[in-house]
Amino acid sequence: TGVLGCDDRILHFLCDMEFPQQQKPAGDGKIIYPPGVKEITDKISNDEMVKRLKMVVKTYMDMDQDSEEEKQQYLGLALHLASEFFLRNPNKDVRLLVACCLADIFRIYAPEAPYTSHDKLKDIFLFITRQLKGLEDTKSPQFNRYFYLLENLAWVKSYNICFELEDCNEIFIQLFKTLFSVINNSHNQKVQMHMIDLMSSIIMEGDGVTQELLDTILINLIPAHKNLNKQAYDLAKTLLKRTVQTIETCIANFFNQVLVMGKSSVSDLSEHVFDLIQELFAIDPMLLTSVMPQLEFKLKSNDGEERLAVVRLLAKLFGAKDSELASQNRPLWQCFLGRFNDIHVPVRLECVKFASHCLMNHPDLAKDLTEYLKVRSHDPEEAIRHDVIVTIINAGKKDLNLVNDQLLGFVRERTLDKRWRVRKEAMMGLAQLFKKYCLHHEAGKESALKISWIKDKLLHIYYQNSIDDKLLVEKIFAQYMVPHSLDTEEKMKCLYYLYACLDTNAVKALNEMWKCQNMLRSLVKELLDLHKLPPNNTAMFGKLMKNLPDAGKAQDFMKKFNQVLGEDEKLRVQLEMLISPTCSCKQAEICVREITRKLTFPKQPTNPFLEMVKFLLERIAPVHIDSEAISALVKLLNKSIEGTADDDEEGVTPDAAIRSGLELLKVLSFTHPTAFHSAETYESLLQCLKMEDEKVAEAAIQIFRNTGQKIETELQQIRSTLIPVLHQKAKRGTPHQAKQAVHCIHAIFNNKEVQLAQIFEPLSRSLNADVPEQLITPLVSLGHISMLAPDQFASPMKSIVANFIVKDLLMNDRSVGNKNGKLWTTDEEVSPEVLAKVQAIKLLVRWLLGMKNNQSKSANSTLRLLSAMLVSEGDLTEGKLNGFSFSDMSRLRLAAGGAIMKLAQEPCYHDIITPEQFQLCGLVINDECYQVRQIFAQKLHLALVKLMLPLEYLAVFALCAKDPVKERRAHARQCLLKNISVRREFIKQNPLAQEKLVSLLPEYVVPYMIHLLAHDPDFTKPHEYEQLKDIKECLWFMLEVLMTKNENNSHAFLRKMVENIKQSKDAQCPDDAKANEKLYIVCDVALFVIANKSTACHLDSPKDPVLPSKFFILQDKAIHTHSINPTNSMTCDCKMTSQVLNQKGGNTVNDFLGLFYSDKTSRRASRPDLSSALYGRPGYLNKAQRRSDGTTQTHSDFILFSSRHYIFPTIVVCFYINALNMVWGNLKNVFFLLSGRYICTAHFFHIKKRKVMTFVL
């Protein structure tokens, strides 16, 4: 068009356009029209007017600025077209044509406009602006003229003339509103470009942008308007990008007034400032160069909601994909990070949510975020800890490289969170990462190696006490670690290599999981059996409830489930099929689906009963292991043996794969024995028996032992091959192989007596103590044979024991020990002779356990032998011969202690174990060798937790308080907690246990503990401070755990029990005054600990405790009262007092008392009559009570710290003694400690004079 040819000089002068005086039209003022155009007046019709105006438009379009003659000629017409007649014409076609003419007139006459009146110019531009609304309809026949009008105005920048007008802002606002309102998706790029040119020239060439004009632009960025007209948003976005240098100052001024000065009235958009900032930042961060510091100011606002709004905004700005705000504005970034520690919970929560996007879009900021996420992972708010996990896991699922090891460590920590929701999120998140990167290898081996710890960590959680944790681990294992949806071969490959890569604790957890599921199947089978027989045992109800979530609802569920089973026979059939040993994985899925379908009706939005059934079915359904799965595992094992497996690709050596594969099969042989019964499986196991790896052969023998019950009848070929191998292993294999071989023969063959005799006879003839290397395996085999077949081999073993084991082997030392001074050495460094002696001790125990009687008094002889070994510290010859090394003696002490403990598990031998022998056995837990203490404690715990050892052996753990190693003490405490918990639970679940409370109730361990401590070899001076302190620590170690809860008034029961002991004598040495004295002193310390721990111990005992007659002899109270001479006691106590003071200095007594009563004044004041409750005496006067003369006692000059021979008493009271007042006239108050039923001697410590004074009361 002609516009496109406009001289550039015109554009240059537009900004300087002046308004000269009104130009005179040519001639006498008559309007000259272009050739062929008649006069345009209001007398003609609209159609005619449009026709003539079109010719005028064409004339102006063809004119350029150089046509001076034509410009002067048509000046009158130009003025005429700006008359009110045309500007207010009702016909839109007329208005459009006039607008086009006016636009061309401004172009032609530039830089001097033909209109001099400001009002006229305003009317003209408002008129032109109104015509631009026609751009909205692109399908209109007149759209091209509207486009021409826009194009003309944009190229010429005609609106710049308005800068000289006082109210030009009104014109610009109207123009901007019009353009933003008409833009739509039917417009092409040219329309948008001309609009941008037109508006940008106004912004960039003007003196500034007013707030009203700025609002017309910014309003299009608000989300509500943005969604209504996306094209207007794009137009505003482009305009702002074009004018960023100019408009930035105006924007900064707007936000400054709203954010800093709080003038929300400056704009209607004030309430949308944060939305606007977000949009402006997305358009061009340069638009907010001056605004960002204002946000830093807002981040420190005292208003929590305001901080929250700013944090939400900045989270979007910092987290935007291409944002460089964090690097460009470090102060703002650091200030924002500070909000992670905001006191307002929603602010912290918002910050944590932001971290996810930030990690995904800006990995370079992970280092900055790590420390703050670490703090928030320990936030007191559960929701925040939960979202920290979600943040890290989401980033990790997108790309594992986005999260560093430290961030993953935070998730790892939260798997032990106190809140179930947090633990669940952490565990599920880790499981998803494991499945994606380790199972599916989506990011290569490097990423899989980075999170290889996840599998172990998830399985470790199975050790937690919460049933919810256990259920989730089982679900994770079935869905993420070894997905049950895979086909059998792929599924078993996952399991095979997973098992090979697990650490020891994870393997134990997985084994425990399978055992627990197997136990549950047994319980469900018992439940089904109840419906076949008259109900006589419902104990499994409680056991089943323990294995379901939400104990409160589990009881109701069990009742309803049992009722449903009784009513629906088909349901019972399905459930029986599900728990059948022959149920395949596919059948299990069908059964679960059918049972669930039956229980779904009637349909409900939530069905808690159905959910509980699903929990139970998930735990008992064999979704991994069946006969087909075992065959697949055996094939994988064969490939590893042949060297054709993918072991190296899976990161496992062939030897490790074979060993772990056999261990896996061994565990499964316990839980799924019937799945192994196939010739192919047994053939593969026979190949393993011939391998050189000792553990592989051992595991293979154990699998035969667990699964081979039908070999003799159904697989004769396997039997004929297996028997010679087992004989060979029993005679010349390793000790472990020999043991398993003997047990295997006993378990699977009918003619076991013949088979065992064929092993026993040659071994018994070949025993030679001069060659100890060849003794170990025969001793193991002989011991197990005599235990499994005592009727056949007990008599032959007696002569072997007497003539060879004791006389020739144990009582003689043939080799010289390694005098290296070490208390313990590795198994490889132990001499063969010592190993043979250890196996000889075990043989003695197995022989006795097989006989299960003491008719020949062999058990007494054995116990004396073992006791002598402990007394001599492991060397029966006491160094008279060659002598053993310290490490050898440690091994023998451990063997002897373990042997006594093993014999104590058999009732007939437990009865003949004397208190002295029990004490010698228990003291092994205080052995000087760390490994001896550790192994003995583990064996003790395992036997106790299975309820195989008598209760008295639980008292041995009290001695662990003296262990110098903190970890050992902590382990012992955990063992105590576990054992006490197991016993309490057993009593609850078994009604018949009420009849055996003396042997089951944990509280009954106290008499054994007191007796054991009284006979502690370290307790030689009962009045010495340090020794008493040790006794107190041992008592506290046990009583603290026992008294955690006061169930059934157990604290009073404990107190009564200790009081009863004080009314008895030591059965071990009833006439030994010193021994009884130590016993009573330990009782006093125990009473003190109980009173200090409990406020309810003074209540009546629920029942009268029974003391074990083996340890205590009941006596008359009067006899006990006068059993010790007061004078002797006084002398003894004085000596003790002086020793204590000499050892501990002047403040010893206060320290002495401070062991229990530091800052306990409030507790003492609250128990004025506790002495009466404890000892059956009237309550003593407290310090607020008056003397007989009416004076009040208010001062304390003396402390009575010892009464009779009892130290560490239990209660502090104020006592008034007239005799003392006669001796010490100025004595005001006497504090003393009561610790016996009768006080014969009292020792007072004068606080001011620092002297000890003794009185006989």
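Small disclaimer: the values here were computed from a predicted structure and weren't measured.

(A) Representation of the pattern of salt bridges within the structure. Applying the stated rule across the entire model yields 44 salt bridges. Close ionic contact of Asp167 with Lys122 constitutes a salt bridge, the shortest N to O distance being 2.6 Å. Residue Asp167 is located in the loop between α8 (143-156) and α9 (168-182), and its partner Lys122 is located in helix α7 (residues 118-131); the two are separated by 45 residues in the primary sequence. Overall, Asp167 belongs to the partly exposed group, its relative accessible area being 31%. The exposure class of Lys122 is buried, given its relative accessible area of 17%. The shortest N-O distance in the salt bridge between Arg348 and Asp379 comes to 2.8 Å. In this pair, Arg348 sits in helix α20 (residues 345-361) while Asp379 sits in the loop between α21 (366-376) and α22 (382-398), placing the two residues 31 residues apart along the sequence. Accessibility classification places Arg348 together with Asp379 in one group, the buried group. Where salt bridges share partners, they join Glu84, Arg88 and Lys120 into one cluster.

(B) Looking closely at the nonpolar core. Membership of the largest hydrophobic core comes to 358 residues, with the highest contact counts inside it found for Tyr60, Leu102, Tyr159, Phe255 and Phe957. Considering every element that reaches this core, the biggest residue donor is helix α6 (residues 92-109), with 13 residues. Excluding residues within four positions of it along the chain, Phe957 makes contact with Ile925, Ala937, Leu940, His941, Leu944, Ala972, Cys975, Leu976, Asn979 and Phe1037. Among the nonpolar cores identified, the runner-up in size contains 32 residues, and Leu530, Phe561, Leu565 and Cys591 belong to it.

(C) View of the environment of Gln211. Within the secondary structure, Gln211 is located in helix α11 (residues 211-218). Separated by 55 residues in sequence, Gln211 and Val266 place their C-alpha atoms 7.7 Å apart. Apart from the residues within four sequence positions on either side, Gln211 is in contact with Phe254, Val266 and Ser267. Only 2.8 Å separates the side chain of Gln211 from the side chain of Asp215, close enough to count as a polar contact.

(D) Geometry of the packing of helix α26 (residues 453-460) against helix α27 (residues 467-481). Packing of α26 against α27 leaves a shortest axis separation of 9 Å and a crossing angle of 150°. Viewed along their axes, α26 and α27 adopt a mutual orientation that is roughly antiparallel. For α26 against α27, the interelement crossing comes out left-handed. Residues Lys455, Leu458 and Leu459 of α26 touch α27, and the partners they reach there are Val473, Ile476 and Met481.

Parameters at a glance
Residues numbered from 1 in each chain as written. Predicted model: local features only at pLDDT ≥ 70, side-chain atom pairs only at ≥ 80, totals over all residues. Heavy atoms only, no water. Salt bridge = Lys/Arg side-chain N within 4 Å of Asp/Glu carboxyl O. Helix = DSSP H or I, 4+ residues; strand = E, 2+ residues; numbered from the N terminus. Buried < 20%, exposed > 50% of the residue type's maximum accessible area, 1.4 Å probe, protein only. Core = buried A, V, L, I, M, F, W, Y, C linked by side-chain atoms within 4.5 Å. Contact = heavy atoms within 4.5 Å. Polar contact = N/O pair within 3.5 Å; in protein donor to acceptor, adjacent residues only side chain to side chain. Axes fitted to C-alpha atoms, helices over the stretch in contact; angles between N-to-C directions. Parallel < 35°, antiparallel > 145°, perpendicular 65-115°, else oblique. Left-handed = near helix turned anticlockwise from the far one by under 90°.

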